[in-house]
Amino acid sequence: MSEQTLPTTAHAWHLDTRPAGRPTTSNFSLREVALPTPGAGQLLIANEYLSVDPYMRGRMSDKKSYIEPYDVDAPMDGPAVGRVLVSNAEGFAPGDHVVHVLGWRDYAILDAAGAQKVDPNLAPLPAYLGVLGVPGLTAYIGLERFAKIKEGDTVFVSGAAGAVGTQAGQIAKLKGAGLVIGSAGSDQKVKLLIEEYGYDVAFNYKNGPVAEQLAKAAPEGIDVFFDNVGGEHLEAAIGALKLHARIVLCGMVSQYNDEKVVGPRNLWNLSVTRSDILAFMVSEELDLQPDFVREVGGWLAEGKLRYRETVRNGLENTLDAFLAMMRGENIGKMIVKL
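Residues numbered from 1 in each chain as written. Predicted model: local features only at pLDDT ≥ 70, side-chain atom pairs only at ≥ 80, totals over all residues. Heavy atoms only, no water.

### A short note on the overall build of the protein chain
Turning to step 1, where the next piece is worked out: Helix and strand counts for the protein chain stand at nine helices and 16 strands.
Turning to step 2, where the next piece is worked out: Scaling as 2.2 N^0.38, a compact globule of 338 residues should have a C-alpha radius of gyration of about 20 Å, and the protein chain matches this with 21 Å.
Turning to step 3, where the next piece is worked out: With respect to the three principal axes, the spread of C-alpha positions in the protein chain is 70 × 45 × 35 Å.
Turning to step 4, where the next piece is worked out: Counting only residues that meet the buried cut, the protein chain has 54% of its 338 residues in that class.
Turning to step 5, where the next piece is worked out: Partitioning the contacts of the protein chain with sequence separation of at least 6, the portion at a separation of at least 24 is 67%. (Helix = DSSP H or I, 4+ residues; strand = E, 2+ residues; numbered from the N terminus. Rg over C-alpha atoms; globule rule 2.2 N^0.38 Å. Buried < 20%, exposed > 50% of the residue type's maximum accessible area, 1.4 Å probe, protein only. Contact = heavy atoms within 4.5 Å.)

Written as structure tokens, this is what we have:
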């Protein structure tokens, strides 16, 4: 693309109003915005793939969280992979592909310090938003550093068919877990968990109380609970803990739309079993990233780790992709292809 044909405008999704409960299309708008000339140390990027993720729902509210909320009447952001059109920064050249966090738009200008080069010859570009991106790293950190999987552990993963859950179950197995159990929201997903992702047991949480289905799957209890869902799942898992079990809190997607969140009623069982509830932020554990790249990259090359993506096409469908992901309509990572 020559300098004369460089874009002068971009299209970006904006948060118009903060959702009360479940987000709707009325809370958002896709607007045309001016695109300034990139300055010293900056890149102009044409986005090719965008990520939509559950944590974004929390940023649409202004309540206290682990990440700053989106501003009302301003563009939203999130992980993206794009191609460099203009580089005013050393180490980057036009044509390079980078991962950055100015998604929810077609073109982005950002400081080069906020971009990381990726190689499309090593893995397909969308993989850097999923299995080789933050979801995969999240599963790896949660299990490696916090769950500290031991040989023979019984591991329960909620939201097991999502971007993090599909990886968490496989990584637990590769790390030596003896029995890996997953929950998902449809019979189709349950079948995939067992046949494609190597889960030993899986159940549809819509088919009956989670506690009852978990007790059937793990009659002797669980050593590790990797939680993406919260709510009923968390309470059921607390009731099924073995001695010195570990609960890793990754997400609570079942409660992101709730204005008031009610906690588990059986927390005393943590004392009875001397178990731990552990929470983490990926950005605080990045010293594990080289190990993640080495191990997960090796497993992918050897065909030991599988992943899927659910792809929607077009920037105009980014919001629909996000809402569908929040309804659980994705298998693996939800991606928007521009």
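### With respect to the environment of N228
Turning to step 1, where the next piece is worked out: Note that N228 resides in the loop between strand 12 (222–227) and helix 6 (232–238).
Turning to step 2, where the next piece is worked out: Judged by its relative accessible area of 12%, N228 falls in the buried class.
Turning to step 3, where the next piece is worked out: In the structure, N228 is positioned 169 residues away from R59 in sequence and 17 Å away in space, judged by C-alpha atoms.
Turning to step 4, where the next piece is worked out: Those residues in contact with N228 that sit more than four places away from it in its chain are V157, S158, G159, V164, G165, C250, G251, M252 and V253.
Turning to step 5, where the next piece is worked out: Among the polar contacts listed, one links the side chain of N228 to the backbone oxygen of S158, at a separation of 2.8 Å. (Polar contact = N/O pair within 3.5 Å; in protein donor to acceptor, adjacent residues only side chain to side chain.)

### With respect to the packing of helix 2 (residues 134–147) against helix 3 (residues 163–174)
Turning to step 1, where the next piece is worked out: For the pair helix 2 and helix 3, the least separation of the axes is 8 Å and the interaxial angle reads 45°. On the basis of their axis angle, the class for helix 2 and helix 3 is oblique. Read as a crossing pair, helix 2 and helix 3 show a hand that is right-handed. Counting all contacts with helix 2, which are made through P135, G136, T138, A139, Y140 and L143, the residues of helix 3 involved are A163, V164, Q167, A168, I171 and A172.
Turning to step 2, where the next piece is worked out: Grouping the amino acids of the contact of helix 2 with helix 3 by side-chain chemistry returns nine nonpolar, three polar and no charged. (Axes fitted to C-alpha atoms, helices over the stretch in contact; angles between N-to-C directions. Parallel < 35°, antiparallel > 145°, perpendicular 65-115°, else oblique. Left-handed = near helix turned anticlockwise from the far one by under 90°. Nonpolar A, V, L, I, M, F, W, Y, C, P; charged D, E, K, R; others polar.)

### Focus: unusual backbone geometry
Turning to step 1, where the next piece is worked out: Non-glycine residue W104 carries a positive phi angle of around 60°.
Turning to step 2, where the next piece is worked out: Here W104 is to be found in the loop between strand 6 (97–100) and strand 7 (107–111).
Turning to step 3, where the next piece is worked out: The buried category is assigned to W104, whose relative accessible area is 1%.
Turning to step 4, where the next piece is worked out: Of note, K148 is a non-glycine position whose phi angle comes to about 50°, a positive value.
Turning to step 5, where the next piece is worked out: Residue placement: K148 occurs in the loop between helix 2 and strand 9 (154–157).
Turning to step 6, where the next piece is worked out: Take K148: its relative accessible area is 56%, and that puts it in the exposed class.

### Some thoughts on the sheet that holds strand 1 (residues 9–15)
Turning to step 1, where the next piece is worked out: The strand order across the open sheet formed by three strands is 2-1-4, and the pairing between neighbours is antiparallel. Taken across any chain shown, the strands that pair with only one partner, and hence form the sheet edges, are strand 2 (28–34) and strand 4 (74–75).
Turning to step 2, where the next piece is worked out: Sheet analysis places strand 1 next to strand 4, joined by two bridges and oriented antiparallel. Note on strand 4: the bridge partner recorded for H14 is P75. (Pairing = 2+ DSSP bridges.)

### Concerning the domain arrangement of the protein chain
Turning to step 1, where the next piece is worked out: Under the domain assignment, the protein chain is made up of domain 1 (9–130 + 308–337) and domain 2 (134–283).
Turning to step 2, where the next piece is worked out: On a C-alpha basis, the centres of domain 1 and domain 2 stand 28 Å from each other.
Turning to step 3, where the next piece is worked out: Counting from both sides, the interface comprises 20 residues of domain 1 and, opposite them, 18 residues of domain 2.
Turning to step 4, where the next piece is worked out: For the pair domain 1 and domain 2, the summed buried area comes to about 1500 Å², and 51% of that belongs to carbon and sulfur atoms.
Turning to step 5, where the next piece is worked out: Our count for the contact surface shared by domain 1 and domain 2 stands at one salt bridge.
Turning to step 6, where the next piece is worked out: For R308, the salt bridge is made with E196, and the minimal N-O distance between the two is 2.9 Å.
Turning to step 7, where the next piece is worked out: For the pair domain 1 and domain 2, the number of links is five residue pairs in polar contact (both at pLDDT 80 or more). (Domains from an automatic or database assignment. Buried area = accessible area lost by both parts, 1.4 Å probe. Salt bridge = Lys/Arg side-chain N within 4 Å of Asp/Glu carboxyl O.)

### Quick word on the sheet that holds strand 12
Turning to step 1, where the next piece is worked out: Pairing is parallel across the open sheet formed by six strands, whose spatial order is 11-10-9-12-13-14. Edge positions in the sheet fall to strand 11 (201–204) and strand 14 (276–279), since each of these pairs with one other strand and no more. For this sheet the average axis-to-axis angle between neighbouring strands, irrespective of direction, equals 15°.
Turning to step 2, where the next piece is worked out: Alignment of strand 9 against strand 12, held across three bridges, turns out to be parallel. Note that in strand 12 the partner of F156 across the bridge is F225.
Turning to step 3, where the next piece is worked out: In this fold helix 5 (residues 210–217) packs onto strand 9, strand 10 (179–184), strand 11 and strand 12, with an angle of close to 160° to the strand it touches most, strand 11.

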